[in-house]
Amino acid sequence: MNLQDYIELHSSPEDAVLAHINRDTHLHAVNPHMLSGQVQGRLLSLLSKMIQPQRILELGTYTGYSALCLAEGLRADGKLITIEHNDELEDTIRRNLALSPLGEKIELRIGDCKAIIPTLPADFDLVFVDADKREYPAYLDLIYTHVRAGGFILADNTLWDGHIIDPAYDRDRQTQGLRAFNDLVAKDNRLEKVILPLRDGLTIIRKK
């Protein structure tokens, strides 16, 4: 048994819907490693349950797994808006969300996050950033005013498989975007922040 197996065995399991989406994504989707998976999914669920958000915004839906995990913590009348740029995933996302009663609380929007965010209300309790890594700095600037004081931002992939400190990736635009985002967050005194070395790195940010 390796350490990852041990962690999974000692963490809460996925429910049947999430397990199905996990398996189906690995069988049929391109880049299935982009799916949050059991351990990160359970963390997203627990954080959402701790925050008890009324409104959640997700940037980057992929196949809908993380949206359903985050929706577990929504209040009874809460809502999650998720934005996905890849329109080829729309049918898959809608099919997966329909598998769970929580799907009724989730609104999918297909398009560019940078174009859609300014059209949204400024009252989100929780934002999960997991879209184009090159655009993370722009996302941070856009979502800041859309998160209430005391609200949270979760940013995925912020260690980027270690590339974040690897000079071999200095010219990689995704790495550049993540480095710029991490530096902006670190220097912003309006934010409390910590990077967790979970999978590819997850930054938890609180707006003061």
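Bear in mind the structure is a predicted one, so any value in this text is a computation, not a measurement.

Chemist: Quick question: what am I supposed to make of the pattern of salt bridges here?
Modeler: Pairing between side chains becomes possible if they bear opposite charge and their charged atoms approach one another. Taken as a whole and judged by the stated rule, the model has 13 salt bridges. A salt bridge links Arg94 to Glu90, with the shortest nitrogen-to-oxygen separation between them at 2.9 Å. A residue pair is termed a helical-turn pair when its members lie 3 or 4 positions apart in one helix, as Arg94 and Glu90 do in helix 5 (residues 90-97) at four residues. Take Arg94: its relative accessible area is 41%, and that puts it in the partly exposed class. On the basis of relative accessibility, which here comes to 24%, the residue Glu90 falls in the partly exposed class. One salt bridge in this structure joins Lys114 and Glu135, with 3.2 Å as the shortest N-O distance. Of the two residues, Lys114 is situated in helix 6 (residues 113-116) and Glu135 in the loop between strand 4 (124-129) and helix 7 (136-144); the sequence distance between them amounts to 21 residues. Using a relative accessible area of 21% as the deciding quantity, one classes Glu135 as partly exposed. Salt bridges sharing common partners tie together Arg42, Lys49 and Glu72.

Chemist: How should the state of the cysteines be read in this particular structure?
Modeler: Two cysteines, two sulfur atoms, one covalent bond between them: this is a disulfide. The full count for this structure, using the stated rule, is zero disulfides. With no disulfide of its own, Cys69 has Cys113 as its nearest cysteine by sulfur position, at a separation of 19 Å.

Chemist: Please clarify how the packing of aromatic side chains should be interpreted in this entry.
Modeler: Aromatic ring pairs are reported here in terms of the distance separating the ring centres and the angle at which the planes meet. Applying the stated criterion across every chain yields a total of two aromatic pairs. Seen from their ring centres, Tyr136 and Tyr139 are 6.2 Å apart, and the 50° between their planes marks the pair as tilted. Here Tyr139 and Tyr136 lie together in helix 7, a separation of three residues that amounts to about one turn. Both residues of the pair, Tyr136 and Tyr139, count as buried. Plain terms: the ring middles of Tyr136 and Phe181 are 5.3 Å apart, the flat faces sit at 75° to each other, and that makes the pair edge-to-face. Linking Tyr136 in helix 7 with Phe181 in helix 8 (residues 173-187), this pair joins segments that are 45 residues apart in sequence. Each member of the pair, Tyr136 as well as Phe181, carries the same accessibility label: buried. The ring of Tyr144 has Arg190 sitting right over it, with the charged end atom 3.8 Å from the ring centre.

Chemist: What should I look at first to understand the sheet that holds strand 5 (residues 147-156) in this one?
Modeler: Two modes of strand pairing occur in sheets, parallel and antiparallel, and in both the strands are linked by backbone hydrogen bonds. Within the open sheet, the seven strands sit side by side as 3-2-1-4-5-7-6. Their pairing is mixed. At either margin of the open sheet sits one strand with a lone partner, and together these are strand 3 (106-110) and strand 6 (191-196). Direction aside, the axes of adjacent strands within the sheet are offset by 15° on average. Pairing geometry for strand 1 (residues 55-59) and strand 4, over four bridges, is parallel. Residue pairing for strand 4: Leu59 is matched across the bridge by Val129. The strands that helix 3 (residues 37-51) touches are strand 1, strand 4, strand 5, strand 6 and strand 7 (202-207); relative to strand 4, the one it contacts most, it runs at about 165°.

Chemist: I'm lost on a nonpolar patch on the surface in this one. Help?
Modeler: Taken together, the side chains of Met1, Leu3, Tyr6, Ile7 and Leu9 make up a nonpolar region of the molecular surface, amounting to roughly 590 Å² of accessible area. Note that Ile7 resides in helix 1 (residues 3-9).

Analysis parameters
- Residues numbered from 1 in each chain as written.
- Predicted model: local features only at pLDDT ≥ 70, side-chain atom pairs only at ≥ 80, totals over all residues.
- Heavy atoms only, no water.
- Salt bridge = Lys/Arg side-chain N within 4 Å of Asp/Glu carboxyl O.
- Helix = DSSP H or I, 4+ residues; strand = E, 2+ residues; numbered from the N terminus.
- Buried < 20%, exposed > 50% of the residue type's maximum accessible area, 1.4 Å probe, protein only.
- Disulfide = S-S within 2.5 Å.
- Phe/Tyr/Trp six-rings, centres within 6.5 Å; stacked < 30°, edge-to-face > 60°.
- Lys NZ or Arg CZ within 6 Å of the ring centre and 35° of its normal.
- Pairing = 2+ DSSP bridges.
- Axes fitted to C-alpha atoms, helices over the stretch in contact; angles between N-to-C directions.
- Contact = heavy atoms within 4.5 Å.
- Patch = residues over 30% accessible without salt bridge, like charges linked within 9 Å, V, L, I, M, F, W, Y side chains within 5 Å.
- Areas by Shrake-Rupley, 256 points an atom, 1.4 Å probe, with all protein chains shown as cover.

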